[in-house]
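Chain by chain, the residues run as shown.
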Amino acid sequence: MFRKITDTVFFLNTACQDHYCVLKRNIIVIMLLITILPLSTMVVINYFQYKSHLKDQIIAPLYAMADKTKHSFELFLDQRLAIIRFISTTYNFRDLTNEMNIKKILISLKKECCGFVDIGLINSQGELISYAGPYSLSDKNYSEQISFQETQIKGQYISNVFLGFRKYPHIVIAVQHLTENGQTWILRATIDTAFFDTLISSMGLSRQTDAFLIDKNGILQTNSLYYGKTLEKCPLELSKITFRSNNFEGKDNENRNIIIASSAFSIADYILVIVQPQSVALKSWYALKTEIIIIFLISIAIIIFTVLKITNVLIIRIKTSDEHRENVISELQHAQKLSSIGRLAAGVAHEINNPLAIINEKAGLMSDLIEFSKNFDKKSKFNDLTSSILNSVKRCRKITHRLLGFSKRIDIKIEPLNVNHIINEVLDFMGKDILYRKIDVNPILPDSLVTIESDHGQIQQILLNLLSNAFAAVEEFGEVEIKSKNLDNGGIRVKIIDNGCGIPKNVIKNIFDPFFSTKKEKGTGLGLSITYGIIKKLGGEISVDSTPGEGSVFTFDLPEKPNDLEMAHG
Amino acid sequence: MDNINILLIDDEIEFIETLAERFELRGYTSKIAGDGESGISMIAKESFDIVILDLMMPGLSGLDTLRQIKDIDKTLPVIMLTGHGSTKDGMKGMRMGAFDFLMKPLDINELLEKIKLALSESSKG
């Protein structure tokens, strides 16, 4: 299962089962694990850390603003209460029952502080004693109203918003006064809440941010941008809003993600609520989040790309080095095999040489006896027989000497030699192959070829390699031409020309490199590099010229004598 | 070429016996030795004109035998025989003072030529 997944993910051939594929997959998986795992962990940790940090940083000012604005509201309401309290202590009950006085007070109030709409004096029974304002409220009894009862208990009262006579939202503030003789009366004023909107707009909120007042029951006390007008029920889920200042995240009635910061009043039953859509509040966090994700994904892509590339290069290197090692081993085995065959051939040849020598001498003696005796019947017949035996021995000798010659060419031994002779020897040696493959071999070997000083065995090896290659390149009935000629510098040149398949251009530049083979399993890739090495050792040069489809020409030059080789010749 | 005394040293007794017979037919005196040691002791006792020595022998090798022969008589010409394809040992022998070397199987006429040449050279020397 795991293998299947990784194979699919990393585009490995599922049919490929060799150990390189397994190695490749393992390296990729391990490298990806050790790079991506810490990176992912770090990204996740950073993500949550940044998130909580940024949220705190974004929400804290919102909360501070709610608190500050609440204080402004409270200050405003406190001032109004203080003014009313001041009037109640400055004037006595009698002064205030005078309509003229109370009207004067209202005029002064309207002139000096904004918001006052009317003012009334209420006795301890809840009856309106005097009133100054736009309404005709004479003889009204407040004893049943909450405002009266609350004031009687707490000494002061601030009402929720209500719509006044002119359909403007108002609030009522009331202050209870206790006279020295134990009498109580209440001074009650109505205040226009237009100033609330001014306070809220002075907060300087961003366009999509909403701020409003609500009462305990969730009734809007000021106009809201999104959640209704004054005295409408606020559609937000406000169960979490308590009279303690707090903030939380939620969803509004239009399913927008929002952040709510609230601050409760201490002197009235109001809560200031600031609502900001998360898209606005957390804009910087969203930008950061996107950046983190993009950077993470890019990093992952780079890691995967790099890991795949590195692994590919690594695997190719390992594969090449393995192949080289295998080639070297097989070349070693090949060399050992050749050397064993060589030793065996030498042993056999040597063992055969001794009995052959005996046969030779016995036959020689027979022929001598016939020769030296005067009267011998069938003398000519016996001479024929012995000379036939001697000729056969000669043939055997030729074979054993050639066997020994081919097997015993390890050390370089410089001697004067004629390369034409070596070419003929090698062609003799390869005679079977030539015959079997029906190859037309055409040696052009001029008698004028100079004798050079070089190593017989090594030249045999060069010719054997180059001719084997030429024979391998041509098809049946192919042609191979061998030319030798003298060079001006005293050396010689040999050309081996075939009309075979030729060598592509990209192969030619590597052709003398060790381990470079186009024969795949068949070749060791050492033949031509050995040839090259031998020619260089003998002080010569080799070059190749080839046209694919037409054939190849291998040319090698050998000097008159090698320069830096010790002459082994005694 | 009168009364030339040849010593043949080779472990292939049959070979040297036949060769010795062929020499006798041609009027040469020849003795045979089956190994290096007996060859050397014969040289110490008797005087030979030329030695035909095989390179590959069990016991004392051809080259060692040659060295000892040369220790006894530096002027005694030695022609070496080799059943081996390599001329390396032959060349070595020649550097050690052997006159020449020939490959087995032999051509009797070639051997006789070499013997004549060796004897004329040694008589000159």
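Residues numbered from 1 in each chain as written. Chains lettered and ligands numbered in written order. Predicted model: local features only at pLDDT ≥ 70, side-chain atom pairs only at ≥ 80, totals over all residues.

1. Re the overall build of chain B
Helix and strand counts for chain B come out as five helices and five strands. Helices (α) and strands (β) of chain B occur, in sequence order from the N terminus, as β-α-β-α-β-α-β-α-β-α. Within the span of chain B, comprising 125 residues, buried residues form 41% of the whole. The contacts in chain B between residues at least 6 apart in sequence include a share of 60% that link residues at least 24 apart. (Helix = DSSP H or I, 4+ residues; strand = E, 2+ residues; numbered from the N terminus. Buried ≥ 20, exposed ≤ 12 C-beta atoms within 10 Å, placed from the backbone. Contact = placed C-beta atoms within 7 Å.)

2. Details of the overall build of chain A
Helix and strand content of chain A: 14 helices and 17 strands. Taking as baseline every contact in chain A between residues at least 6 positions apart, the subset at least 24 positions apart corresponds to 60%.

3. Here's the deal with the sheet that holds strand β15 (residues 492–498) of chain A
All names here are of chain A. Taken in spatial order, the five strands of this open sheet run β12-β14-β15-β17-β16, and their pairing is mixed. Each having just a single partner strand, β12 (440–444) and β16 (541–547) make up the two edges of the open sheet. Averaged over all pairs of adjacent strands, the angle between strand axes in this sheet comes to 10°, irrespective of strand direction. Sheet strands in contact with helix α12 (residues 456–473) are β14 (479–486), β15 and β17 (551–558), and its direction is about 20° off that of β15. (Pairing = 2+ DSSP bridges. Axes fitted to C-alpha atoms, helices over the stretch in contact; angles between N-to-C directions.)

4. Considerations on helix α2 (residues 19–90) of chain A
The end-to-end C-alpha distance of α2(A), which contains 72 residues, comes to 104 Å, matching closely the 106 Å that a straight helix rising 1.5 Å per residue would cover. Within the sequence span of α2(A), burial applies to K24(A), I28(A), L62(A), A66(A), T69(A), K70(A), F73(A), R80(A), I83(A), I84(A) and I87(A). (Expected span 1.5 Å × (residues − 1).)

5. As for the interface of chain A and chain B
The interface is formed by 22 residues belonging to chain A together with 20 residues belonging to chain B. Broken down by secondary-structure element, the contributors of at least two residues to the side of chain A that touches chain B are α8 (283–372) and α9 (379–407) of chain A. When grouped by side-chain class, the residues that make up the side of chain A that touches chain B number nine nonpolar, eight polar and five charged. (Nonpolar A, V, L, I, M, F, W, Y, C, P; charged D, E, K, R; others polar.)

6. A word on the environment of G347(A)
Residues and elements named next belong to chain A. With respect to the secondary-structure elements, G347 resides in helix α8. Given 12 C-beta atoms within a 10 Å radius, G347 is considered exposed. Residues G347 and L403, spaced 56 residues apart in sequence, show a C-alpha to C-alpha distance of 9.9 Å.

7. Thoughts on unusual backbone geometry
A cis geometry characterises the amide bond from K104(B) onward to P105(B), with omega recorded as -15°. As for its position among the elements, P105(B) is in the loop between β5 (100–103) and α5 (108–124). Backbone geometry places L231(A), a non-glycine residue, at a positive phi of 75°. Within the chain, K378(A) stands out as a residue other than glycine whose phi angle is a positive 50°. Topologically, K378(A) is positioned in the loop between α8 and α9.

8. Remarks on the sheet that holds strand β1 (residues 5–9) of chain B
All names here are of chain B. Pairing within the open sheet is parallel, and its five strands lie in the order β2-β1-β3-β4-β5. Each end of this open sheet is capped by a strand with a single partner; those strands are β2 (29–33) and β5. Taken pair by pair, the neighbouring strands of this sheet meet at an average axis angle of 20°, ignoring direction. Judged from the four bridges that link them, β1 and strand β3 (residues 50–54) form a sheet pairing that is parallel. If you follow L7 over to β3, its bridge partner there is V51. Against the sheet, helix α1 (residues 13–25) contacts β1 and β2, and its axis sits at roughly 170° relative to β2. Each of β1 and β2 touches helix α2 (residues 36–45); the most contacted strand, β1, lies at about 160° to it.

9. With respect to the environment of R188(A)
Residue and element names in this part refer to chain A. The topology assignment puts R188 in strand β6 (residues 184–192). Judged by the 25 C-beta atoms lying within 10 Å of it, R188 falls in the buried class. C-alpha of R188 to C-alpha of G120: the two residues are 68 residues apart in sequence and 5.1 Å apart in space.

10. Points about the packing of α2(B) against helix α3 (residues 62–72) of chain B
Residue and element names in this part refer to chain B. In contact at an axis separation of 10 Å, α2 and α3 are set at 10° when each is read in the N-to-C sense. One way to sum up the angle between α2 and α3 is to call them roughly parallel. Taking contact as the criterion, the partners of G36, G39, I40, I43 and A44 in α2 are, on α3, D64, T65, Q68, I69 and I72. Split by residue class, the contact of α2 with α3 holds five nonpolar, four polar and one charged. (Parallel < 35°, antiparallel > 145°, perpendicular 65-115°, else oblique.)

11. Looking at the nonpolar core
Ranked by size, the top nonpolar core spans 55 residues in total, and within it I119(A), I173(A), L187(A), L272(A) and V273(A) carry the most contacts. Counting residues in hydrophobic clusters, the runner-up holds 35 residues, among them A33(B), I52(B), L53(B) and A118(B). (Core = buried A, V, L, I, M, F, W, Y, C linked by C-beta atoms within 7 Å.)

12. Thoughts on the environment of S262(A)
Residue and element names in this part refer to chain A. With respect to the secondary-structure elements, S262 resides in strand β9 (residues 257–264). Overall, the presence of 24 C-beta atoms within 10 Å leaves S262 in the buried class. It is 9.3 Å that separates the C-alpha atoms of S262 and K70, two residues lying 192 residues apart in sequence.

13. Quick notes on α2(B)
Residue and element names in this part refer to chain B. Restricting attention to buried positions, one finds in α2 the residues G36, G39, I40 and I43. Mapping the buried residues of α2 onto a view down its axis gives an arc of 95°, with all of them on the same face. In α2, the exposed positions that point more than 90 degrees away from the buried face belong to S41 and K45. (Arc of directions from axis to C-beta.)

14. Some words on the confidence of the model for chain A
The pLDDT averaged across chain A works out to 82; a share of 86% of its residues lies at or above 70. Contacts from residues 520–524 of chain A, a stretch scored under 50 in pLDDT, to residues over four places away or in other chains number six contacts. (pLDDT = per-residue confidence, 0-100.)

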